[in-house]
Amino acid sequence: MSSTAAIEVDDLSKSYADETVLQEVSFAVESGEFCVVMGPSGSGKSTLLGCIAGLVEHDSGTVRLSGESAETVPVRSRDLGYVFQEFEDTLFPHMTVAENVAFGLEQQDADHDRAEVDSRIDEMLDLLAIPDTRDSLPTELSGGQQQRVELARQLVRQTDILLLDDPLADLDYKLQKRMELEMRDIHAEMNSSFLYVTHNQDQALKLADKLVVLNRGRVEQIGTPEAVYYRPASAFVGRFVGDSNPFVGAVTADDEAEGEVSVETGIGRMAATVQGGHPADDRRALAMVRPESVAFDSAAEGRDNVFTARLIDWTYMGEETEYAFEVDGLDYVLQAVSRGRPTVTEADLGTTVPVGWDRADTLCFETVSSAPTVTVDDLMRV
Amino acid sequence: MSDTEPRAEKSVGTTAEQTEADTSSEETATRETVLDVSGLTKIYPDGTLAVDDIDFSVNAGNFCVIIGPSGCGKSTTLHSLVGKVEATEGTITLDGTEITETETYDRDIGLVFQDFQLFPHLTVEENVRYGLERLDLPADEADQRVSTIMETMQLSGATGRDPGELSAGQKQRVALARSLVLEPKLLLLDEPLGDMDYKLQKRMERELLEIHREFDTTFVYVTHDQTQAMRLADQIVVMNDGNVEQSDPVDAVYNTPETAFVATFVGDSNILRGTVGGTSEDGSVARVETDLGQFETRTDNLDAEPSEVVGTDLAFSIRPQHLTLGEDVRNTVRCRVEDVITRPGKGAQVVLSPLSAPTAELQLRSWEAVSAREGDEITVGWTPADAVMLDRTSVVEGIDLETDILGE
């Protein structure tokens, strides 16, 4: 790891009583990078942020901020901002928006010129599109506006590192989408390093330069959104990130090429591509295909894996349509998705059609999860 | 199915597809109406007009979702249906019988609460059996109903357990079983999947759809979450400020919105506004002069005759996925690329500012990777068939397009 990384976490572990919350977590956030940590609830995301901020004491391992060991830097002097999820509790109710934002600056030791403070506040409120709220009290603002004041208060300090704990989680859909764009703008403009925690997959995949996937306190994968989505390192990552149809069965190697296997699943033999090494023959492993890779009707013909299915429902969602199929030998409903309007009508419900997908889109995993207690069967229900 | 297959590759919103959509909504209309709300008005004692003379109906077996921003009256509407709120005016008719004045427990309507609200001191089976007491069924029929629904809901292994020990998925199934065992004519769901982990929420939505399919009961589901509404609904009722903006099948609400409010609230939308300069000879296409240039739009969404709108100011909507890169379409705008956001598995979103009006913003959604980068100047366009004219900003008086809908 380069010593110029903004945040370097090495072998970090943390337990509460007999519960291990973080287990030998290592990763780095390079200077200027937008790094997003995602994982199920209870995976250790927020504890990890707390350890980096100095709000939670870790048991072992090291945290380095801009190359310096965090232990030598008192919490107050750490050059980082922290945006909490529960922003309502962090704004001062008796102070105006401008006073709340100024408070962020006054916390820093430097002597700030009054006029300079004012102009930086204005600049920040402009950037966040809330200039009219300058003299309002937090209670007079909508949730989205309050969240932006909290952001402004941290951003105005222009710290090299900003930690964000699911800051858009409580906003409604439209505002969330708007703020995702603003978040990218702000990051680009500030040139700071962001470490951003979220349970929202879409947001994680859209915002991140680098993703860290956590599960039960362990790192499952570090990579770009593309790598994590298309080349998951474990069955857990494959199932947790994005949507997928899972299958389970004994694996046998195919002769043709490296990485090509067959999986003996409940619906029949399936040609698959192995992710990360080769599972032992006859081992029970998980294979999966994403809904957008499932073709049906005439488009299914000629695919590497073709099965007979019954169309039981579809849901038109504007941009795309999701289809539900029953397949003999499968105890859940197989999902397919296509762009735009449905290609079927009411009359097609209940009809039998071929469904198919290619070997390249059928991922089979050597590693179930970096957490040893996770089983293939756990992942069928994710 | 195979004769409709080629449409999979076509863009949405062509006139041919519109005709098809109209046919399918007629098909749904042939299904029996189970719920009819007519002139429903609710004025609270403090004078607040929460629901203002609304009409809508729901067909048997439909999954109807009522959506709208907070304070739009959707909760009051739901509570009027269930009888927890007394209507000031109007009628509610369920399966041909007026129930406006009927006591809650005699309405034959089930209700699933936010957070499910199971009885914590009762076992799973006791929770499910609870409401049956009131029906006075013969004991063996009651037992039969309970055991059948426990099996269908995959709860047979959990009969003696406490609700506190259940997973979120199991809790949802118990809550649904508790209502569905009464075989109600209508099941109301009050934002049951509100505050939930993203992944879990999607799994619960899928289960809910499966249960709806299995039981063929009419569901009316209230939420403020547009994406959830789109994932669940056959029919959407869009409410705003105590009024119904539109009540239609999903396809019609999304592709032929009645108002600018609906176009922006349901799904993402680019809204442009201008003066109608004229129409084609048959009136099917109008020419609109906007700040960004002159564009052609289809007119079949208008309530008014196309010739009547010439000279007036109107808005039209284009969905981001209908904006394309390149100049080979009828309407084009030269833009600067402000941002490109890729989402693996879902393509890219491009934020654009038109060169002739840099403060305006257009959004383009592409399923393929986009090579354009921030700062590039590119031409984007759309076909007249994908531009939907909007008669009104909103059914609510005094709502302004710029400040109330396009602003924040």
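Colleague: How should I be thinking about the interface of chain A and chain B in this particular structure?
Modeller: Accessible area lost during the coming together of the parts is what is often quoted as the interface size. With 55 residues of chain A at the contact, the number on the chain B side is 53 residues. Interface of chain A and chain B: buried area, both sides summed, is about 4,900 Å²; carbon and sulfur atoms make up 48% of it. Considering only the surface of chain A that becomes buried against chain B, Glu 319, Arg 339 and Arg 341 of chain A emerge as the three largest contributors, covering 16% of it. Where chain A packs against chain B, one counts eleven salt bridges. Close ionic contact of Lys 202 of chain B with Asp 243 of chain A constitutes a salt bridge, the shortest N to O distance being 3.1 Å. Between the two partners, chain A and chain B, sit 18 residue pairs in polar contact (both at pLDDT 80 or more). When residues of the side of chain A that touches chain B are traced back to their parent elements, those giving at least two are helix H5 (173-190), helix H6 (201-207), helix H7 (225-230), helix H8 (235-240), strand S16 (305-316), strand S17 (320-327) and strand S18 (334-339) of chain A. At eight residues, the largest contribution of residues to the side of chain A that touches chain B is made by H5 of chain A. Classifying every residue of the side of chain A that touches chain B gives 21 nonpolar, 13 polar and 21 charged.

Colleague: For this particular structure, what's the right way to read the pattern of salt bridges?
Modeller: Note that side chains of opposite charge can pair when their charged atoms are close. Overall, the coordinates contain 37 salt bridges over all chains when judged by the stated rule. The partner of Arg 213 of chain B in a salt bridge is Asp 313 of chain A, with the nearest N and O atoms 2.7 Å apart. A residue pair is termed interchain when its members come from two chains, as with Arg 213 of chain B in helix H6 (residues 198-215) and Asp 313 of chain A in strand S16. Take Arg 213 of chain B: its relative accessible area is 25%, and that puts it in the partly exposed class. Accessibility expressed as a relative area gives 18% for Asp 313 of chain A, which makes it buried. Salt-bridge contacts for Arg 129 of chain B lead to Glu 125 of chain B; the nearest nitrogen and oxygen are separated by 3.0 Å.

Colleague: Before we go on, may I ask you to explain the packing of helix H4 (residues 143-155) of chain A against H5 of chain A in this structure?
Modeller: Packed helix pairs are characterised by how far apart their axes lie and by the angle those axes make with each other. Residue and element names in this part refer to chain A. At a minimum axis distance of 12 Å, the contact between H4 and H5 shows a crossing angle of 10°. In terms of their interaxial angle, H4 and H5 are classed as roughly parallel. Residue-level contacts link Gly 144, Arg 148, Leu 151 and Leu 155 of H4 to Leu 175, Met 179, Glu 182, Met 183, Ile 186 and Met 190 of H5. Across the contact of H4 with H5, the residue classes break down as seven nonpolar, one polar and two charged.

Colleague: Could you clarify how one ought to interpret the environment of Glu 368 of chain B in this entry?
Modeller: Relative to the elements of secondary structure, Glu 368 of chain B occurs in the loop between strand S18 (362-366) and strand S19 (377-382). Overall, Glu 368 of chain B belongs to the partly exposed group, its relative accessible area being 48%. Spatially, the C-alpha atoms of Glu 368 of chain B and Gly 345 of chain B are 9.6 Å apart, while their sequence positions differ by 23 residues. Beyond its immediate sequence surroundings of up to four residues, Glu 368 of chain B is in contact with Arg 339 of chain A together with Ala 348 of chain B.

Colleague: So what exactly am I meant to see when it comes to the packing of helix H5 (residues 168-180) of chain B against H6 of chain B here?
Modeller: All names here are of chain B. Direction vectors running N to C along H5 and H6 enclose 25°, while the axes themselves pass 10 Å from each other. Our classification of the angle between H5 and H6 gives roughly parallel. Remark: the crossing between H5 and H6 carries right-handed chirality. Taken together, the residues of H6 that come into contact with H5 (itself represented by Ala 168, Gly 169, Gln 172, Arg 173, Leu 176 and Leu 180) are Leu 200, Met 204, Glu 207, Leu 208, Ile 211 and Phe 215. When grouped by side-chain class, the residues that make up the contact of H5 with H6 number eight nonpolar, two polar and two charged.

Colleague: Could you clarify how one ought to interpret H5 of chain A in this entry?
Modeller: Turn by turn, an α-helix covers 3.6 residues, leaving residues three or four places apart pointing in a common direction. Residues and elements named next belong to chain A. Its 18 residues give H5 an end-to-end C-alpha distance of 25 Å, which sits within 8% of 26 Å, the value for a rise of 1.5 Å per residue. Every buried residue belonging to H5 is among Tyr 173, Leu 175, Gln 176, Met 179, Glu 180, Leu 181, Glu 182, Met 183, Arg 184, Ile 186 and His 187, and all of these are buried. Immediately downstream of H5, the backbone of Asn 191 shows phi near 60°, a positive value.

Colleague: Honestly, the pairing of strand S4 (residues 60-65) of chain A in this entry has me stumped. Any pointers?
Modeller: Each regular strand carries side chains that alternate between the two faces of the sheet. Residues and elements named next belong to chain A. With five bridges joining them, strand S1 (residues 7-16) and S4 adopt antiparallel strand pairing. Directly across from Asp 10, in S4, lies its bridge partner Thr 62. The hairpin turn running from S4 into strand S5 (residues 68-69), its antiparallel successor, is two residues long, and Ser 66 in that turn takes a positive phi close to 45°.

Colleague: Looking at this structure, I do not really get the sheet that holds S17 of chain A. What am I missing?
Modeller: Pairing between the strands of a sheet is mediated by backbone hydrogen bonds and can be parallel or antiparallel. Residues and elements named next belong to chain A. Strands sit in the order S15-S19-S16-S17-S18 across an open sheet of five strands; the sheet is antiparallel. On the outer flanks of this sheet lie strand S15 (295-296) and S18, each paired with one strand and no other. By the bridge criterion, two bridges tie S15 to strand S19 (residues 352-357) in an arrangement that is antiparallel. Bridge pairing in S19 places Phe 296 opposite Val 355.

Colleague: Explanation requested: the confidence of the model for chain B in the structure shown.
Modeller: Detail in the predicted coordinates should be disregarded across regions flagged by low pLDDT. All names here are of chain B. Scored by pLDDT, chain B comes out at a mean of 88, with 92% of its residues at no less than 70. Contacts for the low-pLDDT stretch residues 1-29, under 50 throughout, to residues beyond four places or in other chains number 52 contacts. On the interface metric, ipTM, the complex scores 0.87, and its pTM is 0.87.

Colleague: Is there a simple way to explain the sheet that holds strand S6 (residues 109-112) of chain B in this structure?
Modeller: Residue and element names in this part refer to chain B. With mixed pairing, the six strands of this open sheet are ordered in space as S6-S7-S8-S3-S9-S10. This sheet does not close on itself; its edge strands, each paired only once, are S6 and strand S10 (243-249). In this sheet, neighbouring strand axes are inclined to one another by 15° on average, regardless of whether the strands run parallel or antiparallel. The pairing of strand S7 (residues 186-190) with strand S8 (residues 218-223) spans five bridges and is classified as parallel.

The rules behind these values
- Residues numbered from 1 in each chain as written.
- Chains lettered and ligands numbered in written order.
- Predicted model: local features only at pLDDT ≥ 70, side-chain atom pairs only at ≥ 80, totals over all residues.
- Heavy atoms only, no water.
- Contact = heavy atoms within 4.5 Å.
- Buried area = accessible area lost by both parts, 1.4 Å probe.
- Salt bridge = Lys/Arg side-chain N within 4 Å of Asp/Glu carboxyl O.
- Polar contact = N/O pair within 3.5 Å; in protein donor to acceptor, adjacent residues only side chain to side chain.
- Helix = DSSP H or I, 4+ residues; strand = E, 2+ residues; numbered from the N terminus.
- Nonpolar A, V, L, I, M, F, W, Y, C, P; charged D, E, K, R; others polar.
- Buried < 20%, exposed > 50% of the residue type's maximum accessible area, 1.4 Å probe, protein only.
- Axes fitted to C-alpha atoms, helices over the stretch in contact; angles between N-to-C directions.
- Parallel < 35°, antiparallel > 145°, perpendicular 65-115°, else oblique.
- Left-handed = near helix turned anticlockwise from the far one by under 90°.
- Expected span 1.5 Å × (residues − 1).
- Pairing = 2+ DSSP bridges.
- pLDDT = per-residue confidence, 0-100.

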